[in-house]
Amino acid sequence: MPPKNIVLIGFMGAGKSMVSNRLASILKLGRVSTDELIEKKEKRAIPEIFRDSGEAYFRQLEETVVREVSALEGWVIDCGGGVVVNPKNLENLRKNGVLFYLKTSPEIVYKRIKNQTHRPLLQVQYPLEKIRELLRSREAFYAQADHVIDTDAHSVEDSAQAVLKILRHE
Ligand code: S3P
């Protein structure tokens, strides 16, 4: 059987980039990020894509990129926080991958992102409210992952080790 991809999903600020980097380095696997691929293809940053072309355009690009990375074998895939909302994305990612939901509470997300400016959906007057609302509306989608890793009280290393432990028992 071809090696499965390790797919990280979860809300913005859940630590998907750091945990995916750590996993790729421990397991000596390639790592790919849907956001980074989109930026590379578009030759512009995500805030610019949202500002100049709108969210719907971004979501189309995201669907294409998710389809492409889903065809890989044995990679660590770091997914943008919103990929789960499109059922086609989950279906594609699942074909070749084990899905891990890095779970975070709204308060921790807020703490982590409050001084950052690169997430257009959170550039609003009341970011914590927005985080709560988005998380609530996405929770059922994230819950479709094969495994849930609670990251609130855990370091990047702890979360990576939790993923490895599950993989060893798969
Ligand atoms: C988004 C999450 C971002 C990025 C875009 C939209 C979302 O990725 O794809 O800003 O809808 O949750 P991260 O989860 O890596 O921040």
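Residues numbered from 1 in each chain as written. Predicted model: local features only at pLDDT ≥ 70, side-chain atom pairs only at ≥ 80, totals over all residues. Heavy atoms only, no water.

1. A word on the overall build of the chain
Of the regular secondary structure elements, the chain holds eight helices and five strands. Beginning at the N terminus, the succession of helices and strands in the chain can be written as β-α-β-α-α-α-β-α-β-α-α-β-α. What you see for the chain is a C-alpha radius of gyration of 15 Å, in line with the 15 Å of a compact globule of 170 residues. Counting only residues that meet the buried cut, the chain has 44% of its 170 residues in that class. Of all intrachain contacts in the chain linking residues separated by at least 6 positions in sequence, the fraction that spans at least 24 positions is 71%. Distance between charge centres in the chain, computed from 26 positive and 23 negative side chains, equals 1 Å. (Helix = DSSP H or I, 4+ residues; strand = E, 2+ residues; numbered from the N terminus. Rg over C-alpha atoms; globule rule 2.2 N^0.38 Å. Buried < 20%, exposed > 50% of the residue type's maximum accessible area, 1.4 Å probe, protein only. Contact = heavy atoms within 4.5 Å. Lys, Arg positive; Asp, Glu negative; His and termini not counted. Charge placed at Lys NZ, Arg CZ, Asp CG, Glu CD.)

2. Some words on unusual backbone geometry
For residues other than glycine, phi is negative in most cases, and the peptide bonds are mostly trans. For Lys28, which is not glycine, the phi dihedral falls at a positive 55 degrees. Checked against the element boundaries, Lys28 lands in the loop between helix H1 (16-27) and strand E2 (31-33). Although it is not a glycine, Lys43 sits at a positive phi angle of roughly 55 degrees. By secondary structure assignment, the location of Lys43 is in the loop between helix H2 (34-42) and helix H3 (46-53).

3. A word on the sheet that holds E2
The parallel open sheet is built from five strands, whose spatial order is E2-E3-E1-E4-E5. The sheet terminates laterally at E2 and strand E5 (147-150), the two strands that pair on one side only. In this sheet, adjacent strand axes meet at a mean angle of 25 degrees when their direction is disregarded. As paired elements, strand E1 (residues 5-9) and strand E3 (residues 76-78) share three bridges and run parallel to each other. Paired with Val7 across the bridge in E3 is Ile77. (Pairing = 2+ DSSP bridges. Axes fitted to C-alpha atoms, helices over the stretch in contact; angles between N-to-C directions.)

4. A few points about the site of the ligand
The ligand sits among 13 residues. The nearest are Lys16, Asp35, Arg59, Arg119 and Arg138. Contact between the ligand and Asp35: an oxygen atom at 2.7 Å from a side-chain N or O atom of the residue. Measuring from an oxygen atom of the ligand, one finds a backbone N or O atom of Gly81 at 2.8 Å. Counting atoms within 2 Å of the grid points, the majority share of the ligand lands in the largest pocket. Looking at side-chain class alone, the shell around the ligand contains five nonpolar, three polar and five charged residues. (Near = heavy atom within 4 Å. Polar contact = N/O pair within 3.5 Å; in protein donor to acceptor, adjacent residues only side chain to side chain. 1 Å grid on protein atoms, 1.4 Å probe; cavity = no way out; pocket = protein on both sides within 12 Å on 5 of 7 lines; lining within 4 Å. Sits in = over half its atoms within 2 Å of the grid points. Nonpolar A, V, L, I, M, F, W, Y, C, P; charged D, E, K, R; others polar.)

5. Points about the environment of Gln161
Within the secondary structure layout, Gln161 lies in helix H8 (residues 156-169). Residue classification places Gln161 among the partly exposed positions, given a relative accessible area of 33%. Taking C-alpha positions, Gln161 is 9.4 Å from Arg22, a pair spaced 139 residues apart along the chain. A distance of 2.8 Å separates polar atoms of two side chains, one belonging to Gln161 and the other to Glu157.

Any functional reading would require information beyond the geometric quantities listed.
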